[in-house]
Amino acid sequence: MFVRNRQSLFFTLFMPLMIMVIFGFVGLDKTPKISLGIVVDQPTAATQQFINDLKKFEAFDVTQGSENAERVALKKGERVAVIIMPSDFFPNPADLVISPPPAGGKNTAPLQPSYSKLKPKTLVMLENVAQQQFAKTAESIIRQMLDKTTLGIVQAPTFFEVQAENVSVKSTKYIDFLVPGILGMALMQMAVFSVAFVFADYKEKGILKRLLATPMKPQQFVTAQVITRLIVALAQSAILLAVGVWLLHTHVYGSLWLVALIAIVGSVMFLGLGFTISGLANTVDSVPAIANLIVFPMLFLGGTFFPISGMPQIMQSIVTYLPLQYLTHSLREVMANGAGLNAIAHDIYWMLGWAVIMVTLAMFTFRFEERRV
Amino acid sequence: MPDIIEVKNLTKTYGDFTAVDGISFTVKMGETFGILGPNGAGKTTTLEMMEGLKPVSSGTIVFDGLDVQKRTRDVKQRIGVQLQASSFFDGLSLKELVDTFASLYGRKVKALDLLRRVQLDEKAKSKVKELSGGQKQRLSIAVALVNDPKAMYLDEPTTGLDPQARRNLWDLITDIKRQGKTIILTTHYMEEAEVLCDRIAIMDHAKIIVLGTPQELLKLADVGSTVEFHVDRHPPQGVMDHLPGVERAEREDHGYKLLTGDPEKTLPALFEYEVTHGFKIFDLQLHQATLEDVFLKLTGRSLRE
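Residues numbered from 1 in each chain as written. Chains lettered and ligands numbered in written order. Predicted model: local features only at pLDDT ≥ 70, side-chain atom pairs only at ≥ 80, totals over all residues.

## Description of the overall build of chain A
Then, in step 1: Across its full length, chain A carries 13 helices and four strands.
Then, in step 2: Put simply, chain A has 373 residues, and 33% of those count as buried.
Then, in step 3: A sequence separation of at least 24 residues applies to 82% of the contacts in chain A between residues at least 6 apart. (Helix = DSSP H or I, 4+ residues; strand = E, 2+ residues; numbered from the N terminus. Buried ≥ 20, exposed ≤ 12 C-beta atoms within 10 Å, placed from the backbone. Contact = placed C-beta atoms within 7 Å.)

So, in structure tokens, the structure goes:
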């Protein structure tokens, strides 16, 4: 019956999938490229080589053009900086050899260019004030490249060396943050809405009353409904994770069993909330009002789309206690950081605590029959 | 016939409001028993207490030797229930619905046979929302039959149906009755009670004001038939009062309204008067007394006020 209800399928699967794919592809973790303009007339081979090196930089998006065009582009804000180079900014290597040593000198000595005869060359960099940070980054990269070239030319020994080592760290891309958040959101939506809507509807239409007229025990019916939804929660998690891993290349470092455990505990907590809401709602129409009042703030404050560490301190200390926060936090710990059971025990305890509160509330508010005054 | 249901001093109160006020009656095995009354009289509350759906404030209900309050589930196992305007799961087909409900009674049924009985076999694969009002009611009767109940409780089965669908449902109920099932139904249609019921309890303001067979009720209330007609000119004063059987004659602007206990005698005499007194009758109408009149007489109010 659950699968035949298109609305619940939408909220359970398609909406989270859509959000995940959209956010995943928009790629909030990609920093924009620094757009550089280069103005140079008939570059020498060495100058062209320098430009090509620049183009190889992933951080740069290099455009070559006339000075006028590039200045206009800069004014329009399309460039972070424009570099104006003289064509012989880098002299051809041959030109560096100024002259053979005077005759009669030591023949064994290598050819020594006479640096003093090289005048320093100037490169003009026009920087976009509005994007000063990027412009300064570009400037310092270019300075470094030039320093290196200078060192190369003068063949000065290198005194200081920075040794960069690639350490394979766990990816901390936004998508790895996002997918656990979306999963938490999806579990919450499914548990709250599928119960709140369906049961308010059953109640309003008198279906629950009709069931009460049979020898069926109400708790059996509720149990069956809860079990169905827990199975749906697991299936939902599996599908979302599969799409996340295959399509968006997210990572699951921790145990999938742990993810399943968290999904179940989280679902129980939110199923309790769903029953409470359907108990509070007198009609189906009032369900979305009550549910959204609770669910939406939690969606944005519970660490679904962005970390709560970005919030003001006071707010953080409040939103930490939100049920969704424990769910997304533990999922994220397991999926993105490979946390074990011990590391998320705190979250699990809190979720169990919330589950007890929600289920108790549900027992007080949810009735099979419509209340009569 | 032995009694299958015994209701004694049944009362239901909600705070200060008394919905059912100490009513007592018995229903015989195989009988069709009607509870008739206006909206808010307490019919549905009475029925739901008998079905074990609502707790009783005081009094007892015994079904087939079982105390409904103590052995509620055993009673539910033995009865078939159609609730007022009840609906069913949207996602399931009729056949699946019948099977689902049968499983709630721990039974297996031939869903198609059951649907055929209520002429819905062609719709077995449809969903509930594709059914008309009459078809929905027939479905809910089919569902009420899944456990082959001893007694069926029908709460206003024909309310909101068009006349044709109503007659169709009456045929179905009559058919079920012929199979020996006890039927308890509530209605606010007098005609329905007269057509279907062996005995009728008329409820008003939480109490049963009268109980008996339709004939007994009509007699009890002592209401006869009404003859209404227009005349081209009025005969002398008092002539109509002397017609045989006439209890009261009311002179109206263009005719008369005669209340008679014996229309078979009154009418021929009236036609004779037409000749002897030299007036002409047109637009003649004869109203048989109905339970509607009984209710009006007993309560001073019309049923659907």
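We are not done yet, so read on.
## Re the overall build of chain B
Then, in step 1: A count of helices and strands for chain B gives 10 helices and 14 strands.
Then, in step 2: Excluding contacts between residues fewer than 6 apart, the proportion of contacts in chain B whose partners are at least 24 apart in sequence is 66%.

## A word on the interface of chain B and chain A
Then, in step 1: Tallying the contact residues gives 18 residues for chain B and 14 residues for chain A.
Then, in step 2: Mapped onto the side of chain B that touches chain A, the elements with two or more residues apiece are helix H2 (72-78) and helix H3 (94-104) of chain B.
Then, in step 3: Residue contributions to the side of chain B that touches chain A peak at three residues, all from H2(B).

## A look at unusual backbone geometry
All names here are of chain B.
Then, in step 1: The residue Asp-64 is not glycine, and still its phi comes out positive at about 50°.
Then, in step 2: Mapped onto the fold, Asp-64 is located in the loop between strand E4 (58-63) and strand E5 (66-67).
Then, in step 3: Within the chain, Glu-156 stands out as a residue other than glycine whose phi angle is a positive 45°.
Then, in step 4: Mapped onto the elements, Glu-156 comes out in the loop between strand E7 (151-155) and helix H6 (163-178).

## With respect to the sheet that holds strand E2 (residues 17-28) of chain B
All names here are of chain B.
Then, in step 1: Within the open sheet, the four strands sit side by side as E2-E1-E4-E5. Their pairing is antiparallel. The sheet is open, and its two borders are formed by E2 and E5, each paired with just one other strand.
Then, in step 2: Pairing analysis gives eight bridges linking strand E1 (residues 3-14) to E2, with the strands arranged antiparallel. Along E2, the bridge assignment pairs Ile-5 with Val-27. (Pairing = 2+ DSSP bridges.)

## Section: the sheet that holds strand E10 (residues 207-212) of chain B
Sheet strands pair by backbone hydrogen bonding; their relative direction is either parallel or antiparallel.
Residues and elements named next belong to chain B.
Then, in step 1: Read across the open sheet, the six strands follow the order E6-E7-E8-E3-E9-E10; overall the sheet is mixed. Whereas interior strands pair on both sides, the edge strands pair on one side only; in this sheet they are strand E6 (79-82) and E10. When the angles between neighbouring strand axes are averaged without regard to direction, this sheet yields 15°.
Then, in step 2: Bridging between E6 and E7 involves four bridges; their strand directions are parallel. Bridging from a neighbouring strand, Gly-80 pairs with Met-152 of E7. (Axes fitted to C-alpha atoms, helices over the stretch in contact; angles between N-to-C directions.)

## Observations concerning the packing of helix H9 (residues 256-280) of chain A against helix H12 (residues 323-337) of chain A
Residue and element names in this part refer to chain A.
Then, in step 1: At a minimum axis separation of 10 Å, H9 and H12 run at an interaxial angle of 175°. For the element pair H9 / H12, the angle class is roughly antiparallel. Residues Leu-258, Val-259, Ile-262, Gly-266 and Met-269 of H9 pack against Pro-323, Leu-327, Ser-330, Leu-331, Val-334 and Met-335 of H12.
Then, in step 2: Tallied by class, residues from the contact of H9 with H12 come to nine nonpolar, two polar and no charged. (Parallel < 35°, antiparallel > 145°, perpendicular 65-115°, else oblique. Nonpolar A, V, L, I, M, F, W, Y, C, P; charged D, E, K, R; others polar.)

## Some details on the pairing of strand E12 (residues 246-251) of chain B
All names here are of chain B.
Then, in step 1: As defined by bridge partners, E12 adjoins strand E13 (residues 255-260) across five bridges and the pair is classed as antiparallel. Bridge pairing in E13 links Val-246 to Thr-260.
Then, in step 2: Connecting the antiparallel pair E12 and E13 is a turn made up of three residues.

## Focus on the nonpolar core
Then, in step 1: Residues B:Met50, B:Val98, B:Ala142, B:Tyr153 and B:Ile184 are the most contacted members of the largest nonpolar core, which totals 71 residues.
Then, in step 2: Not counting chain neighbours up to four residues away, the residues in contact with B:Ile184 comprise B:Val27, B:Phe33, B:Leu47, B:Met50, B:Ala151 and B:Tyr153.
Then, in step 3: Counting residues in hydrophobic clusters, the runner-up holds 60 residues, among them A:Ile175, A:Leu183, A:Ala191 and A:Ala233. (Core = buried A, V, L, I, M, F, W, Y, C linked by C-beta atoms within 7 Å.)

## A closer look at the packing of helix H8 (residues 218-248) of chain A against H9(A)
Residues and elements named next belong to chain A.
Then, in step 1: Packing of H8 against H9 brings their axes to within 10 Å, and their N-to-C directions diverge by 135°. Considering their axes alone, H8 and H9 lie oblique with respect to each other. Where H8 crosses over H9, the two elements pack in a sense that is right-handed. The segment H8 lies against H9, with Val-226, Arg-229, Leu-230, Ala-233, Leu-234 and Ser-237 engaging Val-259, Ala-260, Ala-263, Ile-264, Ser-267 and Leu-271. (Left-handed = near helix turned anticlockwise from the far one by under 90°.)

## Things to note about helix H1 (residues 43-50) of chain B
All names here are of chain B.
Then, in step 1: Where burial is concerned, most of H1 is hidden: eight out of the eight residues are buried.
Then, in step 2: Within the span of H1, buried status applies to Lys-43, Thr-44, Thr-45, Thr-46, Leu-47, Glu-48, Met-49 and Met-50.
Then, in step 3: Residue Gly-52 follows H1 closely and has a positive phi angle near 80°.

## Side note on the environment of A:Thr63
Then, in step 1: Secondary-structure assignment places A:Thr63 in strand E2 (residues 60-64).
Then, in step 2: Linking A:Thr63 and A:Val82, residues 19 residues apart in sequence, is a C-alpha distance of 9.2 Å.

## A few points about the confidence of the model for chain A
Then, in step 1: For chain A, mean pLDDT is 81; residues scoring 70 or higher make up 85% of the total.
Then, in step 2: Across chain A, the element-wise mean pLDDT spans from 60 in helix H4 (residues 93-96) of chain A up to 92 in H9(A). (pLDDT = per-residue confidence, 0-100.)

## Structural notes on the environment of B:Arg178
Then, in step 1: Note that B:Arg178 resides in helix H6.
Then, in step 2: Residues B:Arg178 and B:Gly30 lie 148 residues apart in sequence; the distance between their C-alpha atoms is 8.6 Å.

## A short note on the confidence of the model for chain B
Then, in step 1: When pLDDT is averaged across chain B, the result is 88; 97% of the residues are at 70 or more.
Then, in step 2: Under the prediction, the complex receives an ipTM of 0.79, its pTM being 0.69.

## Structural notes on the environment of A:Phe306
Then, in step 1: Secondary-structure assignment places A:Phe306 in the loop between helix H10 (286-301) and helix H11 (313-319).
Then, in step 2: On a C-alpha basis, the gap between A:Phe306 and A:Phe177 in space is 7.9 Å, while along the polypeptide they are 129 residues apart.

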